[in-house]
Amino acid sequence: MNPPARLPMRFLFLVNPLSGGQAGRVLIEKLKRICGLDCPGSLVRELDPGNIKAQLEEALSFDCVVVAGGDGTVSNVIRNAPAGLPKLAVFPLGTGDDLARELGVYGPSRRLSLEGWLGWCEQAPVRKLDVWGISPASGSGREIRFCNYLSLGFDAAAVLQFHKWRYKVPSLFKLGGKWANRAGYALAGLGCLARQAGTSIELSSDGRDSAGLKDLRTLLFANIRCCMGLGCSNMQ
């Protein structure tokens, strides 16, 4: 039997161990085995939210950074990315995986073996992605960067509640996988929807146009066509 072909690209894998009902932990072990055989010079790291900037500084010496996780994980990496970061690839492990769907990597990640996906990733075309910024009009807070969408209101509160549950009782979501995640989001959403009252806000774009919006339950700024794992819009 011929030995497997080695991949010339040097990858840094940043894996969220809690993504996909803790499927990230299983992926870490698989990637370590692959790196030992097919990817010399590549490295696997468990993503540390408290140390993400240092981990991304390490990424500057690699050819490609593969972020394995959901949309929140990818957004966190992009928010903290230093200048000169090499090309970024997404291995979807989340509940919605909207950015992976937008970029066309979701299908190959499900259709191909992990080794096959890495080979495909080496040949995949590079796409540019806008990174948006939003900041309080008062100037009292720092700018928040995002690449998928940013939401205000009950859905943002639901995501925060789910995030707290996942870290407080990780075993529950490990047993149920993605279906437990979806059920958790639904329960959090119903609870927040019942508690959230409508509110009014003023919006401005680059300090020029302003608009008053009243009685809002939620407000979403979208940079991509896919939203919440529900599908993709045809809008450009």
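The structure contained in this document is the topic of the report that follows.

Reading the values: rules and limits
- Residues numbered from 1 in each chain as written.
- Predicted model: local features only at pLDDT ≥ 70, side-chain atom pairs only at ≥ 80, totals over all residues.
- Heavy atoms only, no water.
- Core = buried A, V, L, I, M, F, W, Y, C linked by side-chain atoms within 4.5 Å.
- Buried < 20%, exposed > 50% of the residue type's maximum accessible area, 1.4 Å probe, protein only.
- Helix = DSSP H or I, 4+ residues; strand = E, 2+ residues; numbered from the N terminus.
- Contact = heavy atoms within 4.5 Å.
- Pairing = 2+ DSSP bridges.
- Axes fitted to C-alpha atoms, helices over the stretch in contact; angles between N-to-C directions.
- Phe/Tyr/Trp six-rings, centres within 6.5 Å; stacked < 30°, edge-to-face > 60°.
- Lys NZ or Arg CZ within 6 Å of the ring centre and 35° of its normal.
- Arc of directions from axis to C-beta.
- Salt bridge = Lys/Arg side-chain N within 4 Å of Asp/Glu carboxyl O.

A look at the nonpolar core
- Phe11, Phe13, Val15, Leu27, Val66 and Phe91 are the most contacted members of the largest nonpolar core, which has 21 residues in total.
- For this core, the secondary structure elements donating two or more residues are β1 (11-15), α1 (19-37), β3 (64-69), β4 (87-92) and α6 (114-123).
- The contacts of Phe11, once residues within four sequence positions are left out, are Cys39, Ser42, Leu43, Phe62, Cys64, Val66, Leu118, Cys121 and Glu122.
- Grouped together as the second largest cluster of nonpolar side chains are 19 residues, Ala59, Val67, Val77 and Val90 included.

Comments concerning the environment of Arg45
- Position of Arg45 among the secondary structure elements: in strand β2 (residues 43-46).
- Note on Arg45: relative accessible area 32%, which makes it partly exposed.
- Along the chain, Arg45 and Lys32 lie 13 residues apart, while their C-alpha atoms are 9.5 Å from each other.
- Among residues more than four places away in sequence, those in contact with Arg45 are Leu12, Phe13, Leu14, Val15, Gln55 and Glu58.

As for the pairing of β1
- Most of β1 is tucked away: five of the five residues are buried.
- Neither face of β1 is left uncovered, since the one carrying Phe11, Phe13 and Val15 and the one carrying Leu12 and Leu14 both have all their residues buried.
- Bridging between β1 and β3 involves five bridges; their strand directions are parallel. Paired with Val15 across the bridge in β3 is Ala68.

Here's the deal with the sheet that holds β2
- If you trace the four strands from one edge of the open sheet to the other, you get β2-β1-β3-β4, paired in parallel fashion. If you trace the sheet from one side to the other, it starts and ends with β2 and β4, each paired once. The sheet shows a mean angle of 20° between the axes of neighbouring strands, taken without regard to direction.
- The pairing of β1 with β2 spans four bridges and is classified as parallel. Looking at the pairing, Leu12 lines up with Leu43 of β2.
- Set on the sheet, helix α3 (residues 71-79) makes contact with β3 and β4; between it and β3 the angle comes to about 145°.
- Across the sheet, α6 lies against β1, β3 and β4, angled at about 150° from β4, the strand it touches most.

Some words on the packing of aromatic side chains
- Under the definition given, this model contains three aromatic pairs.
- Put simply, the rings of Phe91, Trp117 and Trp120 touch in pairs and so form one group of aromatic residues.
- Cation over ring: Arg10 sits above Phe62, and NZ or CZ is 4.6 Å from the ring centre.
- The ring of Tyr106 carries Arg101 above its face, with NZ or CZ at 4.0 Å from the centroid.

Quick word on α6
- Listing the buried residues of α6 in full gives Leu114, Trp117, Leu118, Cys121 and Glu122. Projected down its long axis, α6 shows its buried positions confined to an angular sector of 145°, all on one face.

Thoughts on the pattern of salt bridges
- One pass over the full model with this rule turns up two salt bridges.
- Put simply, Glu58 and Arg45 hold a salt bridge, and the shortest N to O gap is 2.9 Å. Here Arg45 lies in strand β2 and Glu58 lies in helix α2 (residues 52-58), a separation of 13 residues in the sequence.
- When the shortest N-O distance is used, the salt bridge between Asp97 and Arg110 registers 3.9 Å. Placement of the pair is Asp97 in the loop between β4 and α4 (98-103) and Arg110 in helix α5 (residues 106-111), with a sequence separation of 13 residues.
- Look at Asp97 and you get buried, because its relative accessible area is 2%.
- You can call Arg110 partly exposed: its relative accessible area is 39%.

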